[in-house]
Amino acid sequence: MIAALLLLGVGVGDIARRRVPGSAHPVVGALVAVALIVAPGLALGLPVALVVTAAIVAIVWMLALRIDDDARAPWWPVAVLLATVALGAWAGPWPSLPSGPLDGWADFDLDSTVALVILAVAVSLVTTANLVTRAILAAARGGGAGAPAAASGWRLRLGSRTIGSIEPRAAAPAESAPSPLLGGRIIGPLERLLIVFLALAGAPTLIAALLAAKGIVRFPEISADRGTGSKAEEFLIGSLTSWGLAGLGFL
């Protein structure tokens, strides 16, 4: 259950801090995550050491992986979070599952612990999964991504002091293009939640159709990138990461 509480705290904390402008979002996310881990954990009678460890991991996640789109996302908080969730899942305890097949939804006893696990997985597949995918993509792009371009022009220096400079004339500003629709923030969570739901419903054919449809929709954009192939690589890395997170959520 400690793995579910960690996912619940981090997932709700990430959703809450996205709504906070400025630099206060790590504090807000950490407070929400710790509250959702410590209070239910002590109420369920979980070991204090596990609860404290999960709270520390949630705080590290909020402080190390920023929510800003322009910030470079490190990959090590992802490794720490996934490793802690895996260890917590291995340690248990988990709600007991029915021994035989379910005869319809009426035979499914949705107690409070099962509902907590379902809620934790659902919220973690929203903003938190988006941050994990962004960190993996940033790691795949390498260290050169986002490096500022070298300043052009001439500098006249006297020792360590700059006493004059000649800058090139700035180019005329191009006509502003309409801002792109940030659909990835919505498409990714919907895709992951739908995959988990279809997997639980036993519909692998519909999952295959969903994944194929995504590839068909993105095919014109990928095929137009014939120079470097970066669009295809970005699509594959991002999609495989997102689908892998959905598979972990199903498990």
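Scroll up to find the structure this text is about.
Cut-offs applied
- Residues numbered from 1 in each chain as written.
- Predicted model: local features only at pLDDT ≥ 70, side-chain atom pairs only at ≥ 80, totals over all residues.
- Heavy atoms only, no water.
- Salt bridge = Lys/Arg side-chain N within 4 Å of Asp/Glu carboxyl O.
- Helix = DSSP H or I, 4+ residues; strand = E, 2+ residues; numbered from the N terminus.
- Buried < 20%, exposed > 50% of the residue type's maximum accessible area, 1.4 Å probe, protein only.
- Axes fitted to C-alpha atoms, helices over the stretch in contact; angles between N-to-C directions.
- Parallel < 35°, antiparallel > 145°, perpendicular 65-115°, else oblique.
- Left-handed = near helix turned anticlockwise from the far one by under 90°.
- Contact = heavy atoms within 4.5 Å.
- Nonpolar A, V, L, I, M, F, W, Y, C, P; charged D, E, K, R; others polar.
- Expected span 1.5 Å × (residues − 1).
- Bend = angle between axes of the 7 residues up to and from the residue.
- Patch = residues over 30% accessible without salt bridge, like charges linked within 9 Å, V, L, I, M, F, W, Y side chains within 5 Å.
- Areas by Shrake-Rupley, 256 points an atom, 1.4 Å probe, with all protein chains shown as cover.
- Core = buried A, V, L, I, M, F, W, Y, C linked by side-chain atoms within 4.5 Å.
- Arc of directions from axis to C-beta.

Undergrad: Even after reading the chapter, I still don't get the pattern of salt bridges, so can you show me in this structure?
TA: Any two side chains of opposite charge can pair, on the condition that their charged atoms come close. Applying the stated rule across the entire model yields 2 salt bridges. Of the charged contacts, one joins E191 and K214 as a salt bridge, the two residues approaching to 3.2 Å between their closest N and O atoms. You can see E191 sitting in helix α6 (residues 184-200) and its partner K214 sitting in helix α7 (residues 204-224), a full 23 residues away along the chain. Each member of the pair, E191 as well as K214, is classed as buried.

Undergrad: Which parts of the structure should I look at to understand the environment of K231?
TA: Tracing the chain through its elements places K231 in helix α8 (residues 230-250). A C-alpha to C-alpha distance of 9.6 Å links K231 and R218, two positions 13 residues apart in sequence.

Undergrad: Honestly, the packing of helix α1 (residues 2-18) against helix α2 (residues 25-43) in this entry has me stumped. Any pointers?
TA: The angle between the axes and the distance between the axes are what describe a pair of packed helices. The N-to-C vectors of α1 and α2 enclose an angle of 150°; their axes lie 8 Å apart at closest approach. By the angle between their directions, the pair α1 and α2 is classed as roughly antiparallel. The chirality of how α1 crosses α2 is right-handed. Contacts between α1 and α2 involve L5, L6, L8, G9, V10, V12, G13, A16 and R17 from the first element and H25, G29, V32, A33, L36, I37, P40 and G41 from the second. By residue class, the composition of the contact of α1 with α2 is 11 nonpolar, 5 polar and 1 charged.

Undergrad: Just checking my understanding: could you explain helix α5 (residues 112-141) for this structure?
TA: A turn of α-helix holds 3.6 residues, and therefore any two residues three or four places apart point the same way. Its 30 residues place the ends of α5 42 Å apart at the C-alpha level, agreeing with the 44 Å of an ideal helix rising 1.5 Å per residue. At L125, α5 shows its maximal kink, close to 50°. G142 lies just past α5 and shows a positive phi near 90°.

Undergrad: Can you walk me through the environment of A73 in this structure?
TA: Of note, A73 is situated in the loop between α3 (48-64) and α4 (76-91). Of the residues examined, A73 reaches a relative accessible area of 7% and is grouped as buried. As a C-alpha pair, A73 and L131 span 58 residues in sequence and 7.9 Å in three-dimensional space. Apart from residues lying up to four places away in sequence, A73 is in contact with R134, A135 and A138.

Undergrad: What should I look at first to understand a nonpolar patch on the surface in this one?
TA: A cluster of nonpolar side chains, L42, V48, V52, I56, V60, W75, W76 and V80, forms an exposed patch at the surface whose accessible area comes to about 740 Å². Counting residues per element, the nonpolar patch draws most heavily on α3, at 4 residues.

Undergrad: What's the story with the nonpolar core in this structure? I'm lost.
TA: For soluble globular proteins, the rule of thumb is that nonpolar side chains tend to be buried together. L6, V10, W61 and L81 are the most contacted members of the largest nonpolar core, which totals 41 residues. Broken down by secondary-structure element, the contributors of at least two residues to this core are α1, α2, α3, α4, α5, α6 and α8. A total of 10 residues in this core trace back to one element, the largest contributor, which is α5. Aside from chain neighbours lying at most four places away, what touches W61 is V10, D14, R17, P77, V78, L81, T128, L131 and V132.

Undergrad: Explain α2 to me, please; I cannot follow it from the model alone.
TA: In this model, α2 (19 residues) spans 27 Å end to end at C-alpha, consistent with the 27 Å of a helix rising 1.5 Å per residue. Of the positions making up α2, those classed as buried are H25, P26, G29, A30, A33, I37 and G41. Projected down its long axis, α2 shows its buried positions confined to an angular sector of 125°, all on one face. Away from the buried face of α2 by more than 90 degrees, exposed residues V27, L31 and A43 are located. Against the buried residues of α2 lie α1 and α3. Of the residues trailing α2, G45 is marked for its positive phi of about 75°.

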